[in-house]
Amino acid sequence: MTQDYLGRIGSIIRDARKHRGWTQAQLADVLSTSQSAVNRIERGHQNLSLEMIARIGEALDSEIVSLGAGPTHLRVNGPTELSGSIDVKSSKNAGVALLCASLLNKGRTTLRRVARIEEVNRLLEVLNSIGVQTRWLNDENDLEIVPPAALDLASIDETAARRTRSIIMFLGPLMHREDRFDLPYAGGCDLGTRTVEPHLAALRPFGLEVKATEGSYHATVSRAVKPGRPIVLTERGDTVTENALLAAALYPGETVIRNASPNYMVQDLCFYLEKLGVRIDGIGTTTLTVRGCTEIDVDVDYAPSEDPIEAMSLLAAAIVTKSEITIRRVPIEFLEIELALLEEMGFAYTRSEEYVAANGQTRLVDITTAVSDLHSPIDKIHPMPFPGLNIDNLPFFAVIAATAQGQTLLHDWVYENRAIYLTELTKLGASVKLLDPHRVMIEGPTHWSGAEIVCPPALRPAVVILLAMMASKGTSVLRSVYVINRGYEDLAERLNSLGASIETFRDI
């Protein structure tokens, strides 16, 4: 390996570690090495075997390198002008929640048009390992899930479980099946952090207690404990709300959940639970009243709605490439704020009359974009819980603001490190200044030019860089795109269907 290559690998490892919120000491502990060794690795001053790189990648859940075929990269030729029409695929976050929720049901669950992404694949590996039968039914990505009479938790696929953050949503369903159980978790999770403790606080009223030692959640359930008053969530988190719903679904009394997330994936979960026989009042609001069942044993068929984040990705692709395309099956109620803000910035588009999604509930429209000259918004852009601007959609406004005339301030107050990755757009010609870990100042318009960039370990910023590359003059390379495959199904191929020129390749 050359020193330059070692330096690039070290930078990837450092970024992936920071994205997980780990210190060098924490990574060193997982790898059974010293902090000074990790420091040398990140500075490119340490020779590395492929085995060690693979171990680091597994620990950080980042495809730094894959033994054998090597990581996947994208080569983008631009600038691109898109045309044609495309359907929005089903929500990945809803699909993940519904896979976890299928553990509540002793009958057969059939899910329609499930997002076939890496996160779903990891969950299916976990489900299969504990005895759940799953099979893809057709090319439409319909998925059948049949649970066993008894789960074999002792045989759980620990490797797959540690590679999905969604494993925490097994707590709600499993507490109804087992008095004691263990779940692996991705190393470094701290029960005192904001990502885990809210889940445990939401589930304690149902009698669940969890201790974390040696890389596992050790759960015990006291059947005598029942929620005697409304459960008040300290943060309006999507997965926290989902876990509380999963626990309440098999609690035969009434559960009131306050400060609940009314976001799109939570609504899809509620609609599925209603098909299982659970009664839920207040869907789409911040107060949910749940009347659970003593047992659920039904054959159920459910189609999760379309993904508003993918719809926003496609909108951003059209805007940054100055293209006219039609995006079909857009879940409009979860993009109204984003579209209102884009209109304020000068974006022009037309949309069809509303129609209903296959779940019978979610409102959809078809949107046709128009080539528009954008200007910066009047105020800063910041996310809020639904019905505000979606937290996952904020990064797309970085590449949009870079095409607009004037200065735009983005405030990503939710995540500690994500805004940093938006500065990678400067390598393609954008003016993006990091003001602090949460705020960036963007000045446009940008004359995009191609570059080679290592994919950041954060999903949405990674896609934002890909979209900017489509608008860039010349050839760009985006390296190690596993993180994009975790959240998007065939994104490069689908953009190519609109006229993009994106080639998938490997070094080896």
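I will try to describe carefully the structure that is included in this document. This structure is a prediction, so every number in the text was calculated from the model and none was measured.

1. Considerations on the packing of helix 12 (residues 308–320) against helix 16 (residues 459–471)
Then, in step 1: Across the interface, helix 12 lies against helix 16 with an axial gap of 9 Å and an inter-helix angle of 25 degrees. By the angle between their directions, the pair helix 12 and helix 16 is classed as roughly parallel. Handedness of the crossing formed by helix 12 with helix 16: right-handed. Where helix 12 approaches helix 16, its residues Ile309, Ser313, Ala316, Ala317 and Val320 are matched on the opposing element by Arg460, Leu467, Met470 and Ala471.
Then, in step 2: Split into classes, the residues belonging to the contact of helix 12 with helix 16 amount to 7 nonpolar, 1 polar and 1 charged.

2. With respect to helix 11 (residues 264–275)
Then, in step 1: Over its 12 residues, helix 11 extends 17 Å from the first C-alpha to the last, a length consistent with the 16 Å expected when each residue adds 1.5 Å.
Then, in step 2: Counted residue by residue, helix 11 has 10 buried out of 12 residues, so it is predominantly covered.
Then, in step 3: Of all the positions in helix 11, only Tyr264, Met265, Val266, Gln267, Asp268, Leu269, Cys270, Phe271, Tyr272 and Leu273 are classed as buried.
Then, in step 4: Looking at the residues trailing helix 11, positive phi occurs at Gly277, about 110 degrees.

3. Focus: helix 10 (residues 238–249)
Then, in step 1: Here helix 10 is 12 residues long and its end C-alpha atoms lie 16 Å apart, about the 16 Å a rise of 1.5 Å per residue gives.
Then, in step 2: Looking at helix 10, one finds that the buried residues are Val240, Thr241, Glu242, Asn243, Ala244, Leu245, Leu246, Ala247, Ala248 and Ala249.

4. A few points about the packing of helix 2 (residues 24–31) against helix 3 (residues 35–42)
Then, in step 1: It is at 8 Å that the axes of helix 2 and helix 3 come closest, and there the two elements cross at 105 degrees. Classified by the angle their axes make, helix 2 and helix 3 are roughly perpendicular. Contact residues: Gln24, Ala25, Leu27 and Ala28 in helix 2; Gln35, Val38, Asn39 and Glu42 in helix 3.
Then, in step 2: Residue composition of the contact of helix 2 with helix 3, grouped by class: 4 nonpolar, 3 polar and 1 charged.

5. Here we look at the pattern of salt bridges
Then, in step 1: Considering all chains together, one arrives at 31 salt bridges under this definition.
Then, in step 2: Put simply, Arg291 and Asp281 hold a salt bridge, and the shortest N to O gap is 2.9 Å. A residue pair is termed long-range when its members are at least 10 positions apart, and Arg291 in strand 12 (residues 287–291) and Asp281 in strand 11 (residues 279–281) qualify at 10 residues.
Then, in step 3: Classification of Asp281 by relative accessible area gives partly exposed; the value is 40%.
Then, in step 4: In this structure, Asp373 and Lys322 form a salt bridge, with 3.9 Å as the shortest nitrogen-oxygen distance. Of the two residues, Asp373 is situated in the loop between strand 17 (363–369) and helix 14 (396–403) and Lys322 in the loop between helix 12 and strand 14 (326–331); the sequence distance between them amounts to 51 residues.
Then, in step 5: Judged by its relative accessible area of 69%, Asp373 falls in the exposed class.
Then, in step 6: Among the charged side chains, a salt-bridge network with shared partners connects Arg108, Arg135, Glu144 and Asp299.

6. Things to note about the sheet that holds strand 22 (residues 474–479)
Then, in step 1: Taken in spatial order, the 4 strands line up as 21-22-1-23 in an open sheet, and their pairing is mixed. Every other strand in the sheet has two partners, leaving strand 21 (452–454) and strand 23 (502–506) as the edge strands with one partner each. Averaged over all pairs of adjacent strands, the angle between their axes in this sheet comes to 20 degrees, without regard to strand direction.
Then, in step 2: Each of strand 1 (72–78), strand 21, strand 22 and strand 23 is contacted by helix 16, which is oriented at about 165 degrees to strand 22, the strand it contacts most.

Thresholds applied
- Residues numbered from 1 in each chain as written.
- Predicted model: local features only at pLDDT ≥ 70, side-chain atom pairs only at ≥ 80, totals over all residues.
- Heavy atoms only, no water.
- Axes fitted to C-alpha atoms, helices over the stretch in contact; angles between N-to-C directions.
- Helix = DSSP H or I, 4+ residues; strand = E, 2+ residues; numbered from the N terminus.
- Parallel < 35°, antiparallel > 145°, perpendicular 65-115°, else oblique.
- Left-handed = near helix turned anticlockwise from the far one by under 90°.
- Contact = heavy atoms within 4.5 Å.
- Nonpolar A, V, L, I, M, F, W, Y, C, P; charged D, E, K, R; others polar.
- Expected span 1.5 Å × (residues − 1).
- Buried < 20%, exposed > 50% of the residue type's maximum accessible area, 1.4 Å probe, protein only.
- Salt bridge = Lys/Arg side-chain N within 4 Å of Asp/Glu carboxyl O.
- Pairing = 2+ DSSP bridges.

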